[in-house]
Amino acid sequence: MEHRRNHILLITYPAQGHINPSLQLAERLVDMGMEVTFTTNISGLRCIPKSYWDVNPNSTSKKGLRLNLFSDGYDEGIKNPADTVDFYANLRRYGTKCLEETIVSSAQQGNPVTCLVYTMSYHWVAEVARGFDLPSMLYWIQPAAVLAIYYFYFNGYKDAFDEIDDPSWSIKLPGLPLLNKPDLPSFLIPSTQDIYTKILAAVKQHFDAFSSDPMPKVLVNSFEDLEHDALKSIDKLKLLAVGPVIQSAFLDGNHDSYDNSRKQIEWLSSKGDSSVIYVSFGTMIKLPKSEMEEIAKGLLKSGRPFMWIMKKNEDEKEEDKLSCMEKLEEQGLIVPWCSQVEVLSHKALGCFVTHCGWNSTLESLASGVPMVAYPKWTDQGTIAKMIQDVWKTGVRVNGSEQGNVDGDEIYRCVETVMGGGEKAEALRRNAEKWKDLAREAVKQGGTSYNILKGFVEEM
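To start, this report covers the structure provided alongside it. (Residues numbered from 1 in each chain as written. Predicted model: local features only at pLDDT ≥ 70, side-chain atom pairs only at ≥ 80, totals over all residues. Heavy atoms only, no water.)

1. Regarding a negative patch on the surface
Turning to step 1, where the next piece is worked out: A surface patch of negative charge is lined by Asp159, Asp162, Glu163 and Asp166.
Turning to step 2, where the next piece is worked out: Turning to its location among the elements, Asp166 is positioned in the loop between α5 (144-154) and β7 (170-171). (Patch = residues over 30% accessible without salt bridge, like charges linked within 9 Å, V, L, I, M, F, W, Y side chains within 5 Å. Areas by Shrake-Rupley, 256 points an atom, 1.4 Å probe, with all protein chains shown as cover. Salt bridge = Lys/Arg side-chain N within 4 Å of Asp/Glu carboxyl O. Lys, Arg positive; Asp, Glu negative; His and termini not counted. Charge placed at Lys NZ, Arg CZ, Asp CG, Glu CD. Helix = DSSP H or I, 4+ residues; strand = E, 2+ residues; numbered from the N terminus.)

2. Remarks on the pairing of strand β1 (residues 7-11)
Turning to step 1, where the next piece is worked out: The buried count for β1 comes to five of five residues, which makes it a mostly enclosed element.
Turning to step 2, where the next piece is worked out: Neither face of β1 is exposed, since His7, Leu9 and Ile11 on one face and Ile8 and Leu10 on the opposite face are all buried.
Turning to step 3, where the next piece is worked out: Here β1 runs beside strand β2 (residues 35-41); their pairing, made up of five bridges, is parallel. Following the sheet pairing, Ile11 is matched in β2 by Thr39.
Turning to step 4, where the next piece is worked out: With helix α1 (residues 16-31) bridging β1 and its parallel neighbour β2, the resulting β-α-β unit is right-handed.
Turning to step 5, where the next piece is worked out: When β1 meets strand β5 (residues 115-118), the two strands line up parallel, connected through four bridges. By the bridge assignment for β5, Ile11 is matched with Tyr118. (Buried < 20%, exposed > 50% of the residue type's maximum accessible area, 1.4 Å probe, protein only. Pairing = 2+ DSSP bridges. Right-handed = clockwise from strand over helix to strand, strands pointing away.)

3. Side note on the layout of surface pockets
Turning to step 1, where the next piece is worked out: As a volume, the second largest pocket reaches approximately 350 Å³.
Turning to step 2, where the next piece is worked out: In terms of lining residues, the second largest pocket is bounded by 20 residues, among which Pro135, Ser136, Met137, Asp213 and Lys217 are the most central.
Turning to step 3, where the next piece is worked out: Of all the secondary structure elements, the ones that give two or more residues to the lining of the second largest pocket are β5, α4 (125-131), β6 (136-140) and α17 (447-458). (1 Å grid on protein atoms, 1.4 Å probe; cavity = no way out; pocket = protein on both sides within 12 Å on 5 of 7 lines; lining within 4 Å. Points joined across faces, edges and corners; volume = space filled by probe spheres on them.)

4. Overview of the pairing of strand β12 (residues 306-309)
Turning to step 1, where the next piece is worked out: Residues Phe306 and Trp308 of β12 are buried on one face, and the alternating residues Met307 and Ile309, pointing to the opposite face, are buried as well.
Turning to step 2, where the next piece is worked out: Here strand β11 (residues 276-280) runs beside β12; their pairing, made up of three bridges, is parallel. Bridge pairing in β12 places Val279 opposite Trp308.
Turning to step 3, where the next piece is worked out: One crossover worth recording links β11 to the parallel β12 by way of helix α10 (residues 289-302), and it is right-handed.
Turning to step 4, where the next piece is worked out: Two elements, β12 and strand β13 (residues 333-335), share three bridges in a ladder whose sense is parallel.

5. Some details on the packing of aromatic side chains
Turning to step 1, where the next piece is worked out: Taken as a whole and assessed by the stated rule, the structure comprises 20 aromatic pairs.
Turning to step 2, where the next piece is worked out: On the basis of an interplanar angle of 15° and a centroid distance of 6.1 Å, the ring pair of Tyr13 and Tyr88 is categorised as stacked. In this pair, Tyr13 is assigned in the loop between β1 and α1 and Tyr88 in helix α3 (residues 84-108), connecting sequence segments 75 residues apart.
Turning to step 3, where the next piece is worked out: By relative accessible area, which is 15% here, Tyr13 ends up buried.
Turning to step 4, where the next piece is worked out: Residue Tyr88 is classed as partly exposed on the basis of its relative accessible area of 32%.
Turning to step 5, where the next piece is worked out: With 5.4 Å between their ring centres and 75° between their planes, Phe87 and Tyr88 make a pair best called edge-to-face.
Turning to step 6, where the next piece is worked out: We classify Phe87 as buried; its relative accessible area is 3%.
Turning to step 7, where the next piece is worked out: An aromatic cluster of at least three residues, connected via ring pairs, comprises Tyr151, Phe152, Tyr153, Phe154, Tyr157, Phe161, Trp169, Phe207 and Phe210.
Turning to step 8, where the next piece is worked out: We note Lys301 situated over the ring of Tyr411; from NZ or CZ to the ring centre the distance is 4.7 Å. (Phe/Tyr/Trp six-rings, centres within 6.5 Å; stacked < 30°, edge-to-face > 60°. Lys NZ or Arg CZ within 6 Å of the ring centre and 35° of its normal.)

6. Side note on the pattern of salt bridges
Turning to step 1, where the next piece is worked out: Considering all chains together, one arrives at 15 salt bridges under this definition.
Turning to step 2, where the next piece is worked out: For Glu458, the salt bridge goes to Lys217, with nearest N and O atoms at 2.6 Å. You can see Glu458 sitting in helix α17 and its partner Lys217 sitting in strand β9 (residues 217-220), a full 241 residues away along the chain.
Turning to step 3, where the next piece is worked out: Assessed through its relative accessible area of 59%, Glu458 is described here as exposed.
Turning to step 4, where the next piece is worked out: Arg412 is the salt-bridge partner of Glu409, the closest N and O atoms lying 2.8 Å from each other.

7. Points about the sheet that holds strand β16 (residues 394-396)
Turning to step 1, where the next piece is worked out: As summarised here, the arrangement of the six strands in space is β13-β12-β11-β14-β15-β16, forming an open sheet in which the pairing is parallel. Bordering the open sheet on either side are β13 and β16, each of which pairs with just one other strand. Along the sheet, successive strands turn relative to each other by an average axial angle of 15°, direction set aside.
Turning to step 2, where the next piece is worked out: Judged from the five bridges that link them, β11 and strand β14 (residues 349-354) form a sheet pairing that is parallel. When the sheet's bridge partners are listed, Val276 is paired in β14 with Leu349.
Turning to step 3, where the next piece is worked out: Across the sheet, α10 lies against β11 and β12, angled at about 170° from β12, the strand it touches most.
Turning to step 4, where the next piece is worked out: Across the face of the sheet, helix α14 (residues 380-390) comes into contact with β15 (371-373) and β16 while running at roughly 130° to β16. (Axes fitted to C-alpha atoms, helices over the stretch in contact; angles between N-to-C directions. Contact = heavy atoms within 4.5 Å.)

Spelled out as structure tokens, the structure:
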């Protein structure tokens, strides 16, 4: 009789930063013998490599992995911020319907769902699971330190944040370093933006969803050596570190260049070892022209080759272009997209100027590339704190209260990392150390591998 696989129903928010680590987790679960139905809404399809869905988006692209898409009325994504409330309401309404139908149809086909796994913004999935008497688990795609900050804010420490606008304010939470205001997730910092209040309320609902479980478990995209204290800091949650959940081919060192990035790799290969600055602010952040001008000034002042991911703007006018674009193109390579893990793993890379998104940070750590931390919002301030003061693999830009940074500061940070000397050597040694530990964690027998294997066996 054929052994039936356990069947995980994994649902994720339709953004690149959620879909990438969720797809990689799905791949690892499949490799460990699970069957995974990967679910997101139709707008998320643009973030999924075509190799997964081919012509028919509901076809099984790999034995054990199936894509399952639903329409929420925003199939082209949310364009108008005024639609945010309706967008999230539709996510819940149509997402619930999709999950319920998938659970019922899977059971009828003799392939019953055995567990639901969900990412942030989908706290209501736990309620769907309870309705079918199924276990569910949150997959936390930010650092354990950020999860801990939110947890303690809602559990016993909220009053300690009342004086946050005092310039001398700081806080010491269990398992975490001393934190100042810029080190906190931006949603905890008082703001006039109504969306911040709504997002913070949604985070709280994740913790509320745990109330019926005596010891809730959370899968975390991190690893034991990287966040040992944060992972153990919450007595009432069991945090299971299964990361870094990034493309396994790059962790193994077995990869080939993507066809559409071959020219970029050829350009990198023409440069000396550890000589190139890589600049990217992720898929969501759009910097104002004034800020980009300052970054450009710092790069030009350094005189070093760079690769800058500058997204194309179809509505761009002549006055929107950077004033120094010709000089930039003489010194570096400006492209709208690249295979980031491939670039970071190239021997020419010497420095990553990053917004400190968690996926980018893990990819940089696993590639051994020192960073210039340039956080903008959400969890990025906390990650920048860890990069500079805890993991010591980079330096953080110093900006104004509004977050503005000038060209001289960019130059200072780049030269600290790239200019040689004792500080640069220490950063590079630490980067190599974390590279080795990250790769060790996900190897067979490593801490993250064993934790994920234990989760699978428990199913």
